[in-house]
There are 2 protein chains.
Amino acid sequence: MTTASPTVVVAASAPADLPAILDAARSVSVFNDEEVNTVDELFQGYLKDPVVSGYNFLSCEDGDALLGFACWGPTALSQGAADLYWICTSQSAQGRGVAAELFEAVRREVEAVGRWLIVIWTSSRDEYGPARRFYLRMGCALQTQIADFYARGEDLCVYVKRIE
Amino acid sequence: MTTASPTVVVAASAPADLPAILDAARSVSVFNDEEVNTVDELFQGYLKDPVVSGYNFLSCEDGDALLGFACWGPTALSQGAADLYWICTSQSAQGRGVAAELFEAVRREVEAVGRWLIVIWTSSRDEYGPARRFYLRMGCALQTQIADFYARGEDLCVYVKRIE
């Protein structure tokens, strides 16, 4: 894995980032239309009020170019857990360490709000193999795998990162 | 466990059931104010539109008396899973098989919408011991337990019921 260049910055997403965020989500083949629409909905909640909606967006940018984004939020009814809903690197920015920068930024924000667990729900589908290996590289453990959760033959994989 | 009497009926909750539902939630000591407020919020979503909100409520009644309620919904982005968010028997109706009636009604509804998994998130706290034993009696399996998920020393227990 290469390291992101010094001009790459991760910060809270600006309202104007939405079109580039949706483009990034569409650029990677793993997300279907329903999933891209979900990103749009969560971003509307974030713009309205991150605390009320529970959705926080981070953008990774190099100058004006959006390289990727992440969306996380405190888990409802929990004091310790946070959900990492999305982490996505634009197809054209793959291999530059963008996802690792985003993951580290999410980890810092989760720690800053006093939480100690990052929980990731993802799919067992082959297309998500790179994502699953990425979570393991980031120090997440595969907590459980629920067979046929998403669809027949498509399991839910739950990864957990503990912030010590 | 006793069987519910023949006059006990489980059906989709009516708008007028809300006060009795909140009373039932308050009557059992395990739910705190935040959790009771969550029931209220989910019920508003159910009244507005069960499909859009994803929340379905069932009431178990004996004549005019509400004995308990359940709330479930299809899991977002999943074709197979449904979440059982709440199942609650009023303190005064404990021991009459109300929860088993509600669970069976949820199972039928989940099956009727073509889903095959009921997923239950619950706490490892001692007060939830009866609930955890209930899920096992209903044929659920303890899928995983995530340490310190809700709070330090309070784990998440995930139960799964497969509808064959």
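Before any of the text, the structure's been laid out above.
Rules used in this analysis
Residues numbered from 1 in each chain as written. Chains lettered and ligands numbered in written order. Predicted model: local features only at pLDDT ≥ 70, side-chain atom pairs only at ≥ 80, totals over all residues. Heavy atoms only, no water. Pairing = 2+ DSSP bridges. Helix = DSSP H or I, 4+ residues; strand = E, 2+ residues; numbered from the N terminus. Axes fitted to C-alpha atoms, helices over the stretch in contact; angles between N-to-C directions. Contact = heavy atoms within 4.5 Å. Buried area = accessible area lost by both parts, 1.4 Å probe. Polar contact = N/O pair within 3.5 Å; in protein donor to acceptor, adjacent residues only side chain to side chain. 1 Å grid on protein atoms, 1.4 Å probe; cavity = no way out; pocket = protein on both sides within 12 Å on 5 of 7 lines; lining within 4 Å. Points joined across faces, edges and corners; volume = space filled by probe spheres on them. Nonpolar A, V, L, I, M, F, W, Y, C, P; charged D, E, K, R; others polar. Least-squares fit on C-alpha atoms with pLDDT ≥ 70 in both. Buried < 20%, exposed > 50% of the residue type's maximum accessible area, 1.4 Å probe, protein only. Disulfide = S-S within 2.5 Å. Salt bridge = Lys/Arg side-chain N within 4 Å of Asp/Glu carboxyl O. Phe/Tyr/Trp six-rings, centres within 6.5 Å; stacked < 30°, edge-to-face > 60°. Lys NZ or Arg CZ within 6 Å of the ring centre and 35° of its normal.

Asker: Can you walk me through the sheet that holds strand S2 (residues 56–62) of chain B in this structure?
Answerer: Within a sheet, neighbouring strands are paired by backbone hydrogen bonds and run either parallel or antiparallel to one another. Residue and element names in this part refer to chain B. Judged by pairing direction, the sheet is mixed, and its seven strands sit side by side in the order S1-S2-S3-S4-S5-S7-S6 without closing on themselves. Whereas interior strands pair on both sides, the edge strands pair on one side only; in this sheet they are strand S1 (8–12) and strand S6 (141–151). Geometrically, the sheet is characterised by an average inter-axis angle of 25° between neighbouring strands, direction not taken into account. Note: S2 against strand S3 (residues 65–74), seven bridges, orientation antiparallel. The partner of Cys60 across the bridge, within S3, is Gly68.

Asker: How do you make sense of the interface of chain A and chain B when you look at a structure like this?
Answerer: The interface is formed by 26 residues belonging to chain A together with 26 residues belonging to chain B. Around 2200 Å² of area is buried between chain A and chain B when both sides are counted, 62% of it from carbon and sulfur atoms. Ranking the residues of chain A by area buried against chain B places Leu77, Trp116 and Phe149 of chain A at the top, with a combined share of 28%. Here chain A is connected to chain B by 12 residue pairs in polar contact (both at pLDDT 80 or more).

Asker: Mind showing me how you'd approach empty space enclosed by the protein here?
Answerer: Over the atoms, a rolling probe the size of a water molecule traces out where space has been left empty. A complete count under the given rule lists one cavity of 30 Å³ or more for this structure. Reported here for the largest cavity is a volume of approximately 90 Å³. Forming the boundary of the largest cavity are 13 residues, of which Trp121, Leu156 and Val158 of chain A together with Trp121 and Val158 of chain B lie nearest the centre. Elements represented by at least two residues in the lining of the largest cavity include exactly strand S5 (117–123), strand S6 (141–151) and strand S7 (154–162) of chain A together with strand S5 (117–123), S6 and strand S7 (154–162) of chain B. For the lining of the largest cavity, the residue count by class is 11 nonpolar, two polar and no charged.

Asker: What exactly am I supposed to notice about the relation of the copies chain A and chain B here?
Answerer: Superposition of the two copies of the chain requires a rotation about an axis together with a shift along that axis. Superposing chain A onto chain B requires a rotation of 180° together with a translation of 0.0 Å along the rotation axis, leaving an RMSD of 0.0 Å. What we have between these two chains is a two-fold relation. Taking C-alpha positions as the reference, the residue of chain A nearest the rotation axis is Thr144 of chain A, at 3.2 Å. A shared binding surface is used by both copies, with 100% of the interface residues of chain A retained as interface residues in chain B.

Asker: Just checking my understanding: could you explain the environment of Lys48 of chain A for this structure?
Answerer: Mapped onto the elements, Lys48 of chain A comes out in helix H2 (residues 33–48). Take Lys48 of chain A: its relative accessible area is 78%, and that puts it in the exposed class.

Asker: What is the right way to look at the sheet that holds S7 of chain A in this model?
Answerer: All names here are of chain A. Ordered in space as S1-S2-S3-S4-S5-S7-S6, the seven strands form an open sheet in which the pairing is mixed. In the strand order of this sheet, the two ends are held by strand S1 (8–12) and S6, each with one partner. Between one strand axis and the next, the sheet turns by 25° as a mean value, whatever way the strands run. Summarising the sheet, S6 and S7 pair through six bridges and their orientation is antiparallel. By the bridge assignment for S7, Thr144 is matched with Val158.

Asker: Before we go on, may I ask you to explain the state of the cysteines in this structure?
Answerer: Two cysteines joined by a covalent bond between their sulfur atoms form a disulfide. Residues and elements named next belong to chain A. According to the stated counting rule, one finds zero disulfides over all chains in the structure shown. No disulfide involves Cys157; its sulfur sits 12 Å from the nearest other cysteine sulfur, which is in Cys140. Here Cys157 falls in the buried class, since its relative accessible area comes to 2%.

Asker: What should I look at first to understand the pattern of salt bridges in this one?
Answerer: Proximity of charged atoms lets side chains of opposite charge pair with each other. According to the stated counting rule, one finds 14 salt bridges over all chains in the structure shown. A salt bridge links Asp62 of chain B to Arg96 of chain B; the nearest nitrogen and oxygen atoms lie 2.9 Å apart. On the criterion of sequence distance, the pair formed by Asp62 of chain B in strand S2 and Arg96 of chain B in the loop between strand S4 (81–89) and helix H4 (98–112) is long-range, its members being 34 residues apart. By sharing partners, the salt bridges in this structure join Glu104, Arg107, Arg108 and Glu111 of chain A into a single network.

Asker: For this particular structure, what's the right way to read the packing of aromatic side chains?
Answerer: The description of an aromatic ring pair uses the distance of the two centres, along with the angle that the planes make with each other. By the definition in use, this model includes 24 aromatic pairs over all chains. Taken together, a centroid distance of 5.4 Å and an interplanar angle of 55° make the contact between Phe43 of chain B and Tyr46 of chain B tilted. Highlighted residues: Phe43 of chain B and Tyr46 of chain B, both in helix H2 (residues 33–48), separated by three residues, approximately one helical turn. Each member of the pair, Phe43 of chain B together with Tyr46 of chain B, is buried. Site record: aromatic cluster; members linked through ring pairs are Trp121, Phe149 and Tyr150 of chain A together with Trp121, Phe149 and Tyr150 of chain B. Its end group placed over the ring of Trp116 of chain B, Arg152 of chain A keeps NZ or CZ at 3.8 Å from the ring centre.

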